[in-house]
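# Tertiary structure, described
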Amino acid sequence: MRLLVIGSGGREHALCWALRRENPSATIYCAPGNPGTAEVATNIPIPADDIDRIADAADMHGIDLTIIGPEVPLAMGLADRLRAEGRLVVGPNAGAARIEASKAFSKELMEAAGIPTASSRTFTELEPALAWVAQHAEPLVVKASGLAAGKGAIVCATRAEASAAVTSMLGDNAFGDAGSVVVIESFLKGEEVSVLAITNGRDVALLPAAQDHKRIGEGDTGPNTGGMGAYAPVSIATPTLLERTKREVIAPCLAELARRGTPFSGVLYAGLMVDEAGNPSVVEFNCRLGDPETQVVLPLVRGGLTRAFEAIGRGDGPPPLDIGDEFAVTTVLASEGYPDKPRKGQQVSLPASAPEGAMIFHAGTTRDAEGVLRVSGGRVFAVTGVGRTFAEAQARSRAAAELVEFEGKVLRRDIGWREAARLGS
Ligand code: AMP
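Here's a quick rundown of the structure. Keep in mind that what you see is a predicted model, and the values were worked out from it rather than measured.

### What about the overall build of the chain?
- On a plain count of helices and strands, the chain comes out with 14 helices and 25 strands.
- The C-alpha radius of gyration of the chain comes to 20 Å, within 12% of the 22 Å expected for a compact globule of 425 residues.
- Its C-alpha atoms put the chain at 60 × 45 × 45 Å along the principal axes.
- Relative to its full complement of 425 residues, the chain shows a buried share of 55%.
- For the chain, the share of sequence-separated contacts (at least 6 apart) that also reach a separation of at least 24 residues comes to 68%.
- For the chain, the distance from the average site of its 42 positive side-chain charges to the average site of its 52 negative ones is 2 Å.

Below, the structure is given as structure tokens:
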């Protein structure tokens, strides 16, 4: 079997690691990959958004199945291109990737399909948007509609903050094209849970539910980031909640996309807000595996991931995954200045091997000409601990995170604090 993973972050290292664990003798490529994926796969130095060259590489290497990690190549039509050339792909075509690439589209689709979500309005002009903010209840949320690397949603405590956010997007072009359409929505109270469904557009296999920590600071404070850590499973994601999510969120979303002639095949990610009564509303859909959720959920899959990917690649329903009863926590190691201006270039020192029950996934690292490992991105590593209890997983993640050294290392030591409080640990 010849597999190709597209992307270069912690998610892709975790994907390559999980595929290698299931397929010790498979040929696995990663484009462009990173120094971590190089340990379990063969890197191909082609950027994830260079569709022509990726299509050529898939041809040259006789790839059986391509798994596309990031949203940008999906939105650009990489899956369309590979499918048009007769290849099996995990990832939606561009039409279905709009569920993530356009929040305005996603909100409109949810409304049409009767999927619970925050009430919202979409604007392209500054004045009407400001007028809408002026009479909106507080708090409220202002979102750049387009792709903004997870940083385009601004939760505003006051109308004044929301006006400033709207002005930065529609007036000052601070988010470029991504902010030329703005969604203003009401604030949802509750706790967030990410549900990831491997799907052929009709049948689904769920990965363990995860909870991400988007804010930079401990106690969930400070600006939103791409994600500072995550844990899985989440105890509030009960079997009842997951059944409801399948029935009330995932199935109607897939049905509506199919009805519109853009069926979804790949991993549909539903970011939910669960209120005190246990009712889910959708905060966002993503059209791919989450980062850092992938780094926390894949180590919990004991088998069946490759089989599920192959099945949906062919258009078949995915067989259920073999998920054990362990727990996982991942701690992101960022570089000082993240998310705005992360410091880069520092030398990294890693332990000779990851301690028991821990995986050190590379996210923003590179090797210089001398082979020295250096920081090359805002999120540098995701360090996952797996254990028989949540507390053991958390302790393993934290302990391994301390063993990775580089100047300006920033991490949260409270990943999973809500679960820890619930469990009294
Ligand atoms: P998004 O890019 O839409 O996923 O938003 C990023 C983050 O902003 C989410 O993970 C939430 O923490 C927060 N957020 C977005 N929309 C809402 C909302 N309507 N109510 C409360 N929090 C929100």
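That shown, we press on.
### Description of the pairing of strand β20 (residues 327-335)
- Counting buried positions over the 9 residues of β20 gives 8, a clear majority of the element.
- Pairing of β20 with strand β24 (residues 379-387) involves 8 bridges; the strand directions are antiparallel. For A328, the partnering residue across the bridge sits in β24 and is V386.
- Across 2 bridges, β20 lies against strand β25 (residues 409-410) in antiparallel orientation. Directly across from S335, in β25, lies its bridge partner K409.

### Structural notes on the side chain of K107
- Locating K107 in the fold gives a position in helix α7 (residues 103-113).
- If near-sequence neighbours (up to four positions away) are discounted, K107 is found in contact with T117, A118, S120, V183 and E185.

### Looking at the site of the ligand
- Among the 16 residues in the neighbourhood of the ligand, the closest are listed as K143, E185, L188, E192 and E284.
- Note that an oxygen atom of the ligand is positioned 3.2 Å from one of the side-chain N or O atoms of K103.
- Within the side chain of E284, a nitrogen or oxygen atom sits 2.9 Å from an oxygen atom of the ligand.
- The protein chains hide 95% of the 470 Å² of surface that the ligand would expose on its own.
- Of all the secondary structure elements, the ones that give two or more residues to the shell around the ligand are β7 (140-144), β8 (153-156), β9 (182-186) and β17 (280-286).
- When its residues are assigned to classes, the shell around the ligand shows 8 nonpolar, 2 polar and 6 charged.

### Brief notes about the state of the cysteines
- All chains considered together, the criterion is met by 0 disulfides.
- The cysteine C253 is free of any disulfide, with C287 supplying the nearest cysteine sulfur at 11 Å.
- Classification of C287 by relative accessible area gives buried; the value is 2%.

### Some remarks on the packing of aromatic side chains
- Throughout the structure, instances matching the rule amount to 4 aromatic pairs.
- Between F123 and W132 the ring centres are 6.4 Å apart and the planes differ by 40°, which places this aromatic pair in the tilted class.
- Each ring, one from Y231 and one from F390, has its centre 5.6 Å from the other, and the planes form 75°; the classification is edge-to-face. Remark: F390 occurs in helix α13 (residues 390-403) and Y231 occurs in strand β15 (residues 229-232); sequence separation between them is 159 residues. Just as Y231 is buried, F390 falls in that class too.
- Lying across the ring of W132, R121 places its NZ or CZ 4.1 Å from the centre.

### Observations regarding the sheet that holds strand β3 (residues 42-43)
- Pairing in this open sheet of 5 strands is parallel, and the strands run β3-β2-β1-β4-β5 from one edge to the other. Each having just a single partner strand, β3 and β5 (88-90) make up the two edges of the open sheet.
- Two elements, strand β1 (residues 2-7) and strand β2 (residues 27-32), share 6 bridges in a ladder whose sense is parallel. Across the sheet, the residue bridging to I6 is A31, located in β2.

### Observations concerning the sheet that holds strand β6 (residues 120-123)
- The strand order across the open sheet formed by 4 strands is β6-β9-β7-β8, and the pairing between neighbours is antiparallel. At either end of the open sheet lies a strand with only one pairing partner, and these are β6 and β8. For this sheet the average axis-to-axis angle between neighbouring strands, irrespective of direction, equals 20°.
- Bridge count between β7 and β8: 4 bridges; the pairing is antiparallel. For L140, the partnering residue across the bridge sits in β8 and is C156.
- Contacting β6, β7 and β9, α7 runs over the sheet at an angle of about 45° to β9.

### Focus: the nonpolar core
- L4 and F285 are the most contacted members of the largest nonpolar core, which has 54 residues in total.
- Per-element tally for this core: the top contributor is helix α10 (residues 239-259), with 7 residues.
- Apart from residues no more than four positions distant in its own chain, L4 is found in contact with Y29, C30, A31, I44, I54, A58, I63, L65, T66 and I67.
- Counting 42 residues, the second largest nonpolar core, distinct from the first, contains L15, A41, L196 and L289.

### Details of the packing of helix α1 (residues 10-22) against helix α12 (residues 305-314)
- Two numbers describe how α1 lies on α12: the axes approach to 9 Å, and their chain directions differ by 105°. Between α1 and α12, the interaxial angle falls into the category roughly perpendicular. On the side of α1, the interface is formed by L15, A18, L19 and E22, while α12 contributes L305, T306 and F309.
- Its residues placed into classes, the contact of α1 with α12 shows 5 nonpolar, 1 polar and 1 charged.

Rules used throughout
Residues numbered from 1 in each chain as written. Predicted model: local features only at pLDDT ≥ 70, side-chain atom pairs only at ≥ 80, totals over all residues. Heavy atoms only, no water. Helix = DSSP H or I, 4+ residues; strand = E, 2+ residues; numbered from the N terminus. Rg over C-alpha atoms; globule rule 2.2 N^0.38 Å. Buried < 20%, exposed > 50% of the residue type's maximum accessible area, 1.4 Å probe, protein only. Contact = heavy atoms within 4.5 Å. Lys, Arg positive; Asp, Glu negative; His and termini not counted. Charge placed at Lys NZ, Arg CZ, Asp CG, Glu CD. Pairing = 2+ DSSP bridges. Near = heavy atom within 4 Å. Polar contact = N/O pair within 3.5 Å; in protein donor to acceptor, adjacent residues only side chain to side chain. Areas by Shrake-Rupley, 256 points an atom, 1.4 Å probe, with all protein chains shown as cover. Nonpolar A, V, L, I, M, F, W, Y, C, P; charged D, E, K, R; others polar. Disulfide = S-S within 2.5 Å. Phe/Tyr/Trp six-rings, centres within 6.5 Å; stacked < 30°, edge-to-face > 60°. Lys NZ or Arg CZ within 6 Å of the ring centre and 35° of its normal. Axes fitted to C-alpha atoms, helices over the stretch in contact; angles between N-to-C directions. Core = buried A, V, L, I, M, F, W, Y, C linked by side-chain atoms within 4.5 Å. Parallel < 35°, antiparallel > 145°, perpendicular 65-115°, else oblique.

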